[in-house]
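Descriptive structure summary
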Amino acid sequence: MDTSTIVPADISPGGAPAGARRAKRSRSFWDDAWYKFRHNWAGMAGLTVFVLLCLAAIFAKQIAPYDYLEQDWTAILQPPSAAHIMGTDDLGRDIFSRVLMGGRTALMVAMAISLTGAIVGLLVGAFSAFAGGKVDALVVWVIDGVMTFPAIWLAAFVSVATAPALKNLAGSLYNATGWEFLRNEVMISYAVVVFAIGMINWTWPARLVRSQVLSLREREFIEATLALGARPRWIIMKHLVPNVLGSMIVLVTLSFGNAMLFESSLSYLGIGIRPPGASWGAMIFQGMSKVRTHPYLVLAPGITLAVVVLALQFMGDALNDALNPKSRNK
Amino acid sequence: MLRYLVRRILSMIPLLIVVTAFTFVVGQYGAGDLAAYLAGTRGDSTKGFDVELYQKFRQELGMDDPIYARYANWLWNAAHGDLGRSYVMMGDPPVAYLIKNAVPQSLQLCLAALVLVTIIGVPLGVVAAVFSNGFLDRVLVSGSSILSSIPSFVLAPVAIIVVVVRLQLLPSVGVGWHGLFAKETILPAFCLAMVGLLNVVRTTRVSILEVLSQEYVRAARARGLSERLVIARHVIRNAMLPVITVIGMTGAGLLGATIFIEQIFNIQGFGMMVSKGLQRGDIMTVTGAVLVSTVIVMLFSLGVDLVYGLIDPRVRVTK
């Protein structure tokens, strides 16, 4: 690895003399991370799958051969064929089109969850570390408490318990504003799922940020910067953020996959995305009763979900190797 | 030791109170008006909504009391083994009775899965570490990544199709619980175990690698011990602490995943009870289940701590 920035003295501006080594621009941390990531086949495979998923979700309406809600009573429970590459379900809907729309759902929900999780976690973690003392102890206690409990149960419970309340809220907002989407049941179920999973998802970033802030605060270079009269804002932007960013990116990637899995799990349990909204989990549940005779009903959304979750897992691992060289196991 | 135990148990109580208070309050407000539900379903439907009956149910359920009084009342009863009744189910069965019938199956299933994940995951992690960054390491780690990434509600039906229907290696599960050592338990336990496999393999691998780089390992090698002896005597024993922690944490995750596995394998356990309760909006059952599962998870982590102390003399608490 060549990170030399020293330019040999005899290089004239006109061009390097024959034999002299061309001075390379030094690689920044991000160049270096990208270099490492690029050479990790699992990470690149994960990234490819993820990009494909994003494209498929964005252009779902254009790619899908059928409307995802269109019922064709002449083609019920068709096995995969040229006309329906993943077959049709018991209402004659094209499964491939539904998988595409399910991908859109999963992506949207996961994006909302991991973004809010990262922001809330960042704020809570930083606040807790800076406040210290009893406040800090309380926050840590809450985080530990949330983490001891089986996460999927908590999400499921919150989802069930808050759904009516959120529906009422949306109803009164509709009365006040007249915005049509507030009456959309599918939209409300999105909000419920995001809220329920978001309740759990903030704990990981919060823990990470808190521990990073605590350890940074003790470091000499921060003390030195403070002694030089730096403002808190400078320290946060120039020292804290760059130090946390790498781990944060890894965490958000991993939590993205997790959020997708949770969304599907809730929908599978029948308390997530409401029909007619398409969700992989709900599709798997619907196919379950016919799994022995029509396995593709479960396999098509199931394999898609598994591949995407695995891709994000591989991507997160590769990012971790690239961005946190110190934590890498030999 | 006894004092440590007592202090640990006492320190659990605040968390238990907060968790149950949260579920109780959120559940009571979120689930809608139980008295209205009862008056609507139990009353004479020809007469329309029976306000008198509604008031009677409100009184009976103590719904006119402030929420904290109701919670305190519920908690007091819970401490005496009464978790209220499930009004959604036929015959209003007591929640405690339902839980008492459901928990043993799930605990046995989790135990079986935990044993499986340990006897599969730990050796795989050791092998991966010994051949670290080699071909075998990559295969083992990505293999367990794949197995753990498949959601259990996909893995289980696929496993049923392949193992039970096509290959006919194991008998069909049918209905109910056949006992811890029945052939029917192998598949659900295995599917459940896969949930935690990656974590166990990974932690074991990293932990072994860390110990391998220690001085005393080099010293043991220098003394001329065979590599197998070095690993067996020096490395594994010292690397097991983080692994035990992770296995302990996996236990809680496995309990959570029973919600899918029990439904797919038709086991009338705790997870089945919770998933049905959630789908029916049976908030009393779910609140009771939350209390019991929190206690189980806490006792489990206490158990892990005690094992920790037994294995590592340095952690043993002296006070």
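Residues numbered from 1 in each chain as written. Chains lettered and ligands numbered in written order. Predicted model: local features only at pLDDT ≥ 70, side-chain atom pairs only at ≥ 80, totals over all residues. Heavy atoms only, no water.

Notes on the overall build of chain A
What counts here: A run of DSSP states H or I qualifies as a helix once it reaches four residues; a run of E qualifies as a strand once it reaches two. Both are numbered from the N-terminal end. Between buried and exposed lies partly exposed: a residue is buried under 20% and exposed over 50% of the maximum accessible area for its type, with that area taken using a 1.4 Å probe on protein chains only. Residues are treated as being in contact if the distance between any of their heavy atoms lies within 4.5 Å.
Looking only at helices and strands, chain A has 12 helices and 0 strands in total. In chain A, the order of α-helices and β-strands from amino to carboxyl end is α-α-α-α-α-α-α-α-α-α-α-α. Expressed as a percentage of the 330 residues in chain A, the buried residues total 47%. Within chain A, counting contacts between residues at least 6 apart in sequence, those at least 24 apart form 69% of the total.

With respect to the nonpolar core
Short version of the rule: Throughout this description, the term nonpolar core refers to a set of buried Ala, Val, Leu, Ile, Met, Phe, Trp, Tyr and Cys residues connected via side-chain atoms within 4.5 Å. Start and end positions for the domains come from either an automated domain assignment or a database one.
With 139 residues, the main nonpolar core has A:Met260, B:Phe265 and B:Phe270 as its most contacted residues. Broken down by element, this core gets its largest block of residues, 16 residues, from helix α10 (residues 227-264) of chain B. Looking at which domains feed residues into this core, each of domain 1 (33-80) and domain 2 (98-311) of chain B supplies at least three. Those residues in contact with B:Phe270 that lie beyond four places of it in its chain are A:Trp153, B:Ile99, B:Ala102, B:Val103, B:Ser106, B:Leu255, B:Glu262, B:Ala289, B:Val292 and B:Ser293. Residues A:Ala118, A:Ala126, A:Ala129 and A:Val244 belong to the second largest nonpolar core, which totals 10 residues.

Details of the packing of aromatic side chains
Applicable threshold: Two aromatic rings from Phe, Tyr or Trp, using only the six-membered ring of Trp, form a pair when their centres are within 6.5 Å; if the ring planes differ by under 30 degrees the pair is stacked, by over 60 it is edge-to-face, and anything between is tilted.
Scanning the model with the defined rule gives 10 aromatic pairs over all chains in all. Cluster of aromatic residues (ring-pair linked, three or more members): A:Tyr268, A:Phe285, B:Phe153 and B:Phe260.

Focus: the environment of B:Ile9
Residues and elements named next belong to chain B. Within the secondary structure layout, Ile9 lies in helix α1 (residues 2-30). For Ile9, a relative accessible area of 40% translates into the label partly exposed. Between the C-alpha atoms of Ile9 and Leu302, which are 293 residues apart in sequence, the distance is 8.1 Å.

Quick look at the interface of chain B and chain A
Where we set the bar: When two components associate, each loses some accessible surface as probed by a 1.4 Å sphere; the sum of these losses over both components is called the buried area. The term salt bridge refers to a side-chain nitrogen of Lys or Arg lying within 4 Å of a carboxyl oxygen of Asp or Glu. Definition of a polar contact: a pair of N or O atoms within 3.5 Å, with one able to donate and the other able to accept a hydrogen when the atoms are protein atoms, and with sequence-neighbouring residues admitted only if both atoms are side-chain atoms. Each residue is assigned to one class: nonpolar for Ala, Val, Leu, Ile, Met, Phe, Trp, Tyr, Cys and Pro, charged for Asp, Glu, Lys and Arg, and polar for all the others, Gly among them.
Each partner contributes residues to the interface: chain B has 52 residues there, and chain A has 41 residues. At the boundary of chain B with chain A, total buried surface from both sides reaches about 3,800 Å², with 76% on carbon and sulfur atoms. The three residues of chain B that bury the most area against chain A are B:Ser149, B:Phe153 and B:Leu278, which together make up 16% of that side's buried surface. Scanning the region where chain B abuts chain A turns up 1 salt bridge. The residue B:Arg202 makes a salt bridge to A:Asp317 at a minimum N-O spacing of 2.4 Å. Summed over the shared surface of chain B and chain A, the result is 3 residue pairs in polar contact (both at pLDDT 80 or more). Secondary structure elements with two or more residues in the side of chain B that touches chain A: α1, α6 (135-149), α7 (152-166), α8 (186-212), α10, α11 (270-280) and α12 (283-311) of chain B. Tallied by class, residues from the side of chain B that touches chain A come to 31 nonpolar, 18 polar and 3 charged.

Let's talk about the side chain of A:Asn201
Take A:Asn201: it is sitting in helix α7 (residues 185-201). In this structure, A:Asn201 is in contact with A:Ile113, A:Ser114, A:Ser255 and A:Ala259, ignoring residues within four places of it in sequence.

Brief notes about empty space enclosed by the protein
All names here are of chain A. Basically, it comes down to this: Only protein atoms enter the 1 Å grid used here. Points where a 1.4 Å probe fits but cannot escape make up a cavity, open sets with protein on both sides within 12 Å along at least five of seven lines make up a pocket, and a residue lines them when an atom lies within 4 Å of a point. Grid points are joined across faces, edges and corners, and a volume is the space filled by probe spheres set on the points.
Inspection of every chain in the model, using the stated rule, returns 5 cavities of 30 Å³ or more. Considering only enclosed or pocket space, the largest cavity measures out at about 80 Å³ in volume. Along its surface, the largest cavity is lined by Asp89, Asp90, Ile95, Arg98, Met283, Gln286, Gly287 and Leu297. Going through the elements one at a time, α4 (95-131) and α11 (280-288) are the ones with two or more residues in the lining of the largest cavity. For the lining of the largest cavity, the element with the highest residue contribution is α11, accounting for 3 residues.

Considering the pattern of salt bridges
Opposite charge on two side chains allows them to pair when their charged atoms are near. Residues and elements named next belong to chain A. In total, this model carries 6 salt bridges over all chains according to the counting rule given. Measuring nitrogen to oxygen at the nearest pair gives 3.8 Å for the salt bridge that ties Lys36 to Asp32. Taken together, the positions of Lys36 and Asp32, both in helix α1 (residues 29-38) and 4 residues apart, correspond to about one turn of that helix. Residues Arg207 and Asp144 are paired through a salt bridge, measuring 3.5 Å at the closest nitrogen-oxygen approach. In this pair, Arg207 is assigned in helix α8 (residues 203-217) and Asp144 in helix α5 (residues 133-148), connecting sequence segments 63 residues apart.

Some words on helix α10 (residues 232-268) of chain A
Along an α-helix, a turn takes 3.6 residues, which lines up residues three or four apart on a common side. Residues and elements named next belong to chain A. Convention followed: One fewer than the residue count of a helix, multiplied by 1.5 Å, yields its expected span. Bend is the name given here to the angle between axes fitted to two runs of seven residues, the run ending at a residue and the run starting at it.
Here α10 is 37 residues long, yet its end C-alpha atoms lie only 47 Å apart, well below the 54 Å a rise of 1.5 Å per residue gives. Its maximal kink placed at Val241, α10 deviates by approximately 40°, while the proline Pro242 follows within four residues. In the segment just after α10, Gly270 is the residue with positive phi, at about 85°.

Remarks on the environment of A:Ser264
Note on placement: A:Ser264 falls in helix α10. Residue class for A:Ser264 comes out buried when judged on its relative accessible area of 0%. Separated by 52 residues in the primary sequence, A:Ser264 and A:Gln212 have C-alpha atoms spaced 32 Å apart. Those residues in contact with A:Ser264, other than ones at most four positions away along the chain, are A:Trp280, A:Gly281, A:Leu305 and B:Phe153.

Digging into unusual backbone geometry
Backbone geometry follows two general trends: most residues other than glycine have a negative phi, and most peptide bonds adopt the trans configuration. All names here are of chain B. Located in the positive-phi region is Asn133, a residue other than glycine, with phi close to 65°. Relative to the helices and strands, Asn133 is located in the loop between α5 (95-130) and α6. With a phi angle near 60°, Asn266 is a residue other than glycine that sits in the positive phi range. Relative to the assigned elements, Asn266 resides in the loop between α10 and α11.

Here we look at helix α3 (residues 51-60) of chain B
All names here are of chain B. Which entries qualify depends on this criterion: The arc in question is the one spanned by the directions pointing from the helix axis to the C-beta atoms.
If you check which residues of α3 are buried, you get Leu53, Tyr54, Phe57 and Arg58. Buried residues along α3 cover an arc of 140° about the axis, so they all sit on one side. Of the exposed residues in α3, the ones pointing more than 90 degrees away from its buried face are Glu52, Gln59 and Glu60. Buried residues belonging to α3 abut α2 (34-42).

Here's the deal with the packing of α2(B) against α3(B)
Residue and element names in this part refer to chain B. For the record, the criterion: To get an axis, a line is fitted to the C-alpha atoms, and for a helix only the part in contact is used. The angle between two axes follows their N-to-C directions and goes from 0 to 180 degrees. Each angle gets one of four labels, with under 35 degrees taken as roughly parallel, over 145 as roughly antiparallel, 65 to 115 as roughly perpendicular, and the rest as oblique. In this scheme, a crossing is called left-handed if the near helix is turned counterclockwise away from the far one by less than a right angle; it is called right-handed if the turn is clockwise.
Two numbers describe how α2 lies on α3: the axes approach to 8 Å, and their chain directions differ by 135°. Taken as axis vectors, α2 and α3 run oblique relative to one another. When the axes of α2 and α3 are compared, the crossing they make is right-handed. Counted together, Ala35, Ala36, Leu38, Ala39 and Arg42 of α2 and Leu53, Tyr54, Phe57 and Arg58 of α3 form the full contact between these two elements. Residue composition of the contact of α2 with α3, by class: 7 nonpolar, no polar and 2 charged.

Looking at the domain arrangement of chain B
As far as domains go, chain B holds domain 1 (33-80) and domain 2 (98-311). The distance between the C-alpha centroids of domain 1 of chain B and domain 2 of chain B comes to 42 Å.

Details of the environment of B:Ser301
Residues and elements named next belong to chain B. With respect to the element layout, Ser301 can be found in helix α12. For Ser301, a relative accessible area of 28% corresponds to the partly exposed category. Each C-alpha atom of the pair Ser301 and Met249 lies 7.6 Å from the other, and the pair is 52 residues apart in sequence.

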